[in-house]
Amino acid sequence: MSFFDELTQKARVVAATASEKAREAADSAKISAAILTEKRELDRNYRAIGQWYVGEYQEVPEAIADVVAAVKASQEKIEQLQATREKAENEEASIETEAVAGVVCPVCGKISDSKFCPHCGAPLEKKEPAGGPAEEAGE
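Treat the numbers as computed from the prediction; the structure is a model and nothing was measured. (Residues numbered from 1 in each chain as written. Predicted model: local features only at pLDDT ≥ 70, side-chain atom pairs only at ≥ 80, totals over all residues. Heavy atoms only, no water.)

Student: Describe the overall build of the chain, naming the residues involved and giving the relevant values.
Tutor: For the chain, the count of helices and strands is three helices and two strands. Along the chain, helices (α) and strands (β) appear in the sequence α-α-β-β-α when read from the amino end. When each of the 139 residues of the chain is scored for burial, the buried share is 6%. The contacts in the chain between residues at least 6 apart in sequence include a share of 0% that link residues at least 24 apart. (Helix = DSSP H or I, 4+ residues; strand = E, 2+ residues; numbered from the N terminus. Buried < 20%, exposed > 50% of the residue type's maximum accessible area, 1.4 Å probe, protein only. Contact = heavy atoms within 4.5 Å.)

Here it is in structure tokens:
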């Protein structure tokens, strides 16, 4: 019987040690996560200070003049890229508007030039233009 008692006692010690190590690892992970959160908050605050400073003062110290110049160059580049994107989107929208020669689906409202709506499968009735084959057949 003493063998099983000794085995049980050793198992309890091992379980207690494993539990303690797991708790220590969890505590360490919590502390690491808290440190990371504070570092992100610090970076966000530094960024806010820098944005305020660059926006508030036209004359900057020589020590950060290169950084401020790089920031302003990036802002100008962003504005150029946004203008390019807007121009491309406007051109694309005008091309889509010109290319719309389909029929509006009575079920889902999508435009298609096929016999059936590719979105919902409803049959689409094509309207013939005035003077089209339907009128010519009746003559």
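Student: Before we move on, can you summarise the packing of aromatic side chains with the specific residues and values?
Tutor: The relation between two aromatic rings is expressed through the spacing of the ring centres and the mutual angle of the planes. Within the structure shown, the criterion is met by three aromatic pairs. Taking 5.5 Å as the distance between ring centres and 70° as the angle between the ring planes, the aromatic pair formed by Phe3 and Phe4 counts as edge-to-face. Taking the relative accessible area as the measure of exposure, Phe4 reaches 53% and is therefore exposed. Between Trp52 and Tyr57, the aromatic rings sit 5.7 Å apart at their centres with planes inclined by 90°, giving edge-to-face as the arrangement. (Phe/Tyr/Trp six-rings, centres within 6.5 Å; stacked < 30°, edge-to-face > 60°.)

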